[in-house]
Amino acid sequence: MEKQKLLCVPPAACSAMMYLQWQTLFPESVEVVPIELPGRGTKFREKPCNSIDEITDCLLEEVMKKAEDVPYSVFGLCSGSVVAFDLVQKLLRNGFRAPANFIGASSREPAVQIHAPSALDVSDEMLVSIFMNIFKFKINDENRADYMCKFVAKLHPESGEVLDGMSDSEFLAAIKEDNEKGRKAMASLRRSVDMLRTDSIMLHHYQMPETVLPMKMPVTMIHGKYDTLIKRSEVAEWKKYCTSSFAIRMIAGGHLATFDNCAETVNIIKETIL
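Remember, it's a predicted structure, so these values are computed and weren't measured experimentally.

This next bit is on the pattern of salt bridges. Counted according to the given criterion, the structure contains 11 salt bridges. Between Asp 69 and Lys 5 there is a salt bridge; the shortest N-O distance is 3.7 Å. Within this pair, whereas Asp 69 is found in the loop between α1 (52–66) and β3 (72–77), its partner Lys 5 is found in strand β1 (residues 4–9), the two being separated by 64 residues in sequence. Judged by its relative accessible area of 53%, Asp 69 is exposed.

Rendered as structure tokens:
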């Protein structure tokens, strides 16, 4: 089977290292390549970018080098879908060959990001509350009372001891308290909150390229059945950028269904690229 690469762009406030676990779920012919953003994860020493355009400028040479030798597909989750879109636009404008597939998840189409929720004038506590509601996982009509805590613990394992056994409502109450427990709870979320704020603002101010090149490769969008932030009809608007086949694949879960439901997500990707 021909070797190929799957370039994976992370969502807001996340490191691309979240995709490392995927490698064991793909056959040897597919190499999962996490595309880390400046200032995140393994690139934490690099200066963070102030816009999506700046991010993709920084990533362009790296991506061309990583994808120069074999066929490749691109995957982006949530805001990572917009970063992936902008990156593909720059790859095409620089004469680099197009990806075999573009796969996105849980995202509105790029042109309407200016209408996305912005965290510019929101307090830390309110931002946490908003994102708890956005990220609330719902499957089989059951809500998990500790989803945000588990989500943060996965992003930052060092915070697991603080969050262990705590429900989301208890966590939200704790960060409002001026005591040791509250300070530890807030510290465990501090970096995530700052990154969520920064990424939300960058997404809100995203500027489309003056000339949008059509995506001639197949485009697949993955969407959670219980996503309370983005509607299926909004996801369908990605079709206008595509001149090849277009599909929406629904999976169980909320806005972060692909994060929680990685096995089903990987199966869809395998069906798409293999």
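The strand order across the open sheet built from 6 strands is β2-β1-β3-β4-β7-β8, with neighbouring strands paired in parallel fashion. The strands lining the two open edges of the sheet, one partner per strand, are β2 (30–34) and β8 (246–251). Across this sheet, the average inter-strand angle for adjacent strands is 20°, counted without regard to direction. Pairing geometry for strand β7 (residues 219–224) and β8, over 6 bridges, is parallel. Pairing of His 223 across the sheet is with Met 250, part of β8.

Now for the environment of Lys 3. Examined against the element boundaries, Lys 3 turns out to sit in the segment before β1. Through-space distance from the C-alpha of Lys 3 to that of Ser 29 is 4.6 Å; in sequence the pair is 26 residues apart. Apart from the residues lying within four places of it in its own chain, the contact partners of Lys 3 are Glu 28, Ser 29, Val 70 and Pro 71. Reaching out from Lys 3, the side chain makes a polar contact with the backbone oxygen of Glu 28 at a distance of 3.0 Å.

Right, let's get into the pairing of β7. Across the 6 residues of β7, 6 count as buried, placing the element largely inside the fold. Both strand β4 (residues 102–105) and β7 contribute to a ladder of 4 bridges, which runs parallel. Its bridge partner being in β7, Phe 102 is matched across the sheet by Val 219.

Our focus in this paragraph is the environment of Leu 92. Relative to the assigned elements, Leu 92 resides in helix α2 (residues 79–93). Once the C-alpha coordinates of Leu 92 and Met 215 are considered, the two residues, 123 residues apart in sequence, prove to be 9.2 Å apart. Beyond its immediate stretch of four places on either side in the chain, Leu 92 contacts Ala 98, Leu 213 and Pro 214.

Let's shift gears to α1. Residue pairs three or four apart in sequence face the same way in an α-helix, which turns once every 3.6 residues. For α1, built from 15 residues, the straight-helix expectation of 21 Å at 1.5 Å per residue is met to within 8% by its first-to-last C-alpha distance of 20 Å. The sharpest bend along α1 measures roughly 40° and falls at Leu 59. Those residues of α1 that fall on the buried side of the exposure criterion are Ile 52, Ile 55, Thr 56, Leu 59, Leu 60 and Val 63.

The next point concerns the packing of aromatic side chains. In the structure shown here, the tally under the stated rule is 8 aromatic pairs. Taking 5.4 Å as the distance between ring centres and 55° as the angle between the ring planes, the aromatic pair formed by Trp 22 and Phe 75 counts as tilted. Remark: Phe 75 occurs in strand β3 and Trp 22 occurs in the loop between β1 and β2; sequence separation between them is 53 residues. When sorted by exposure, Trp 22 lands in the same class as Phe 75, which is buried. Centroid distance Tyr 72 to Phe 96: 5.9 Å. Interplanar angle 50°. Geometry classified as tilted. One end of the pair, Tyr 72, is in strand β3; the other, Phe 96, is in the loop between α2 and β4, with 24 residues separating them in the sequence. Classification of Phe 96 as buried rests on a relative accessible area of 15%. Taken together, the ring pairs connect Phe 85, Phe 102, Trp 238 and Tyr 241 into an aromatic cluster.

Conventions we followed
- Counting starts from 1 at the beginning of each chain's written sequence and moves along it residue by residue.
- For this predicted model, a pLDDT threshold of at least 70 governs which residues receive local features, and a threshold of 80 or more governs which side-chain atom pairs are given and counted, while totals over whole chains, interfaces and linings are taken from all residues.
- The side-chain figures draw on all heavy atoms in the structure; neither hydrogens nor water molecules are used.
- Here a salt bridge means any side-chain nitrogen of Lys or Arg lying within 4 Å of a carboxyl oxygen belonging to Asp or Glu.
- Strands are runs of DSSP state E lasting at least two residues, helices are runs of H or I lasting at least four, and both sets are numbered from the N terminus onward.
- Here's how the labels work: a residue is buried when its accessible area is under 20% of the maximum for its type, exposed when over 50%, partly exposed in between, all with a 1.4 Å probe on protein chains only.
- By the convention used here, strands pair only if DSSP detects at least 2 bridges between them.
- A fitted line through C-alpha atoms represents every axis, and for helices the fit uses only the stretch in contact; the resulting angles, taken between N-to-C directions, go from 0 to 180 degrees.
- In this description, contact between two residues means that some pair of their heavy atoms is separated by no more than 4.5 Å.
- Side-chain atoms alone can form a polar contact between residues adjacent in sequence; in general such a contact is a pair of N or O atoms within 3.5 Å, and within protein one must be able to donate a hydrogen while the other accepts it.
- Expected span of a helix, by definition, is 1.5 Å for each gap between consecutive residues, and there is one gap fewer than residues.
- Take the seven residues that end at a residue and the seven that start at it, fit an axis to each, and the angle between those axes is the bend at that residue.
- Working definition: a ring pair exists when centres of Phe, Tyr or Trp rings (six-membered ring for Trp) sit within 6.5 Å. Plane angles under 30 degrees give stacked, over 60 give edge-to-face, the rest tilted.

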